[in-house]
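# Analysis of the macromolecular model
Below, each chain spelled out in residue letters.
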Amino acid sequence: MNLHPRDIDETPDRDAAAAALAVLRRWASGATSTEISELDPSVARLLPDAALSNYPDLSRQYPEDFTVDATYRAGLPDLQNGPSSLIRGAKQQIQHVGISNFRLPIRFHRKEGDDLTLETSVTGTVSLEAGKKGINMSRIMRSFYKHAERTFSFEVIEAALDDYMTDLDSFDARIQMRFSYPERIESLRSGLSGYQYYDIALELVEQGGERLKIMHLDYVYSSTCPCSLELSEHARSSRGQLATPHSQRSVARLSVVVDGDASCLWFEDLIALCRRAVPTETQVMVKREDEQTFAELNAANPIFVEDAARLFCAELLADHRIGDFRVVASHQESLHSHDAVSILTEGESFRSGSLDPRFLATLHHAG
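Note on numbering: residues in each chain are counted from 1, in written sequence order. Only residues with pLDDT of at least 70 get local features here, since the model is predicted, and only at 80 or more are side-chain atom pairs given and counted; chain-wide, interface and lining totals rely on the full set of residues. Heavy atoms from the whole structure form the basis of all side-chain values; hydrogens and water molecules are not counted.

This brings us to the pairing of strand β1 (residues 94-109). Only strands that DSSP links by at least two bridges are regarded as paired with each other. Only runs of H or I of at least four residues qualify as helices and only runs of E of at least two qualify as strands under DSSP, and these elements are numbered from the N terminus. Inspection of the sheet shows β1 paired to strand β2 (residues 115-128) by twelve bridges, in the antiparallel sense. Across the sheet, residue Ile 106 finds its bridge partner in β2, namely Leu 118. Counting the residues that bridge the hairpin from β1 to β2 gives five residues, and of these Gly 113 lies at a positive phi of roughly 115°. Across two bridges, β1 lies against strand β3 (residues 151-152) in parallel orientation. Of the residues in β3, the one forming a bridge with Arg 107 is Thr 151.

For the rest of this paragraph, the subject is the layout of surface pockets. Approximately 1100 Å³ is the volume attributed to the largest pocket. Definitions used throughout: a 1 Å grid over protein atoms alone; a cavity as a set of points that fits a 1.4 Å probe which cannot get out; a pocket as an open set with protein on both sides within 12 Å along at least five of seven lines; a lining residue as one with an atom within 4 Å of a point. In terms of lining residues, the largest pocket is bounded by 38 residues, among which Gln 176, Glu 203, His 216, Arg 326 and Phe 359 are the most central. The residue inventory of the lining of the largest pocket, partitioned by class, reads twelve nonpolar, 14 polar and twelve charged. Grid points are joined across faces, edges and corners, and a volume is the space filled by probe spheres set on the points. Approximately 350 Å³ is the volume attributed to the second largest pocket. Breaking the lining of the second largest pocket down by element, the ones donating at least two residues are β1, α6 (154-168) and β6 (210-224). Think of it as three bins: nonpolar holds Ala, Val, Leu, Ile, Met, Phe, Trp, Tyr, Cys and Pro, charged holds Asp, Glu, Lys and Arg, and polar takes everything else, Gly as well.

On to the sheet that holds strand β5 (residues 193-207). The strand order β3-β1-β2-β4-β5-β6-β7-β8-β9 describes an open sheet built from nine strands, whose pairing is mixed. The strands lining the two open edges of the sheet, one partner per strand, are β3 and β9 (340-346). Relative to β6, β5 runs antiparallel, the two sharing eight bridges. In the sheet register, Leu 204 faces β6, and the bridge partner there is Lys 213. We call two residues in contact whenever any of their non-hydrogen atoms come within 4.5 Å of each other. In this analysis an axis means a line fitted to C-alpha atoms, helices contributing only their contacting stretch, and an angle means the value between N-to-C directions, from 0 to 180 degrees. Its contacts with the sheet put α6 on β2, β3, β4 (173-186), β5, β6 and β7 (247-258), and the angle it makes with β4 is roughly 160°.

Before going further, it helps to spend a moment on the confidence of the model for the chain. Taken over all residues, the pLDDT of the chain has a mean of 88, while the share at 70 or more is 93%. For the chain, helix α3 (residues 41-44) is the element with the lowest average pLDDT, namely 68, and helix α10 (residues 305-317) is the one with the highest, namely 98. Residue-level confidence of the predictor, termed pLDDT, takes values from 0 up to 100.

Structure, rendered in structure tokens:
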């Protein structure tokens, strides 16, 4: 029988497609599974009732009773820890690889003697040698859970660091724990009190066989511009014109290397140091007499951003428990559409010629 197909240049319509599918399925009803498997896969999928010899019969039921034994576990593929032949890109050492914002409740000891459990964000990284494909990141988390029931201190963080450096066979490692620390603060004159929250981070860095214990603290305060204050007073005295100096919410981030041989540097100690340097800390509970007092306090302590950095510096230099440090101050101007900033470092630990482009933006505290 001679078949006369339609002109191949003719665009088929829906009826033609349905007729072709019917012909395919009539053919498949008499074909072997091998013949069907040799079709183009996209064509074979048009035959839902045909068993394909090259397609495995997979179970679609979740195996609730399946358990993993040592033999099965040993046979699992582990691409991340594979040989160097699997490395993609340049075979270069990576300085930091690990996890960020792994959260768990951590118990911290307060200076008053009691403990406080706080939700803590953990960043843990290790260095990776040029010839290694990757690391087992879950080991970092497991190391923390081994110590999570202990009251945390730098000594406990060191134990966790030792564990995952051993597990991951790494020569450099870092841990940072970030949390919001509450302290009850009394109002200036009314006798009320409320909780002030301080962004604090503890960081342990091992590099080149040396360890640094670092504490970071964000301190939020009000800064009154000395120039604006003088101009306002000039308007009052010379022209009887009411004027107000501009002031704004400001943030200082103090990063300090803690001397391991000195006595303990408590969170509360570093907060108190900031208050001595710049006493115009933002307030929690405020009545009218507190607001008036705060205005008086700001007028008694006007500061430029350069003054703030040097005032914090003076207090840090006087504390024997503190080694190298960095002060970053940001006055988020109410006069200008931009911020005024200053960075002061002491020692080599924080000295850098470059700055993360978004670093100063992280000093904004929305309240």
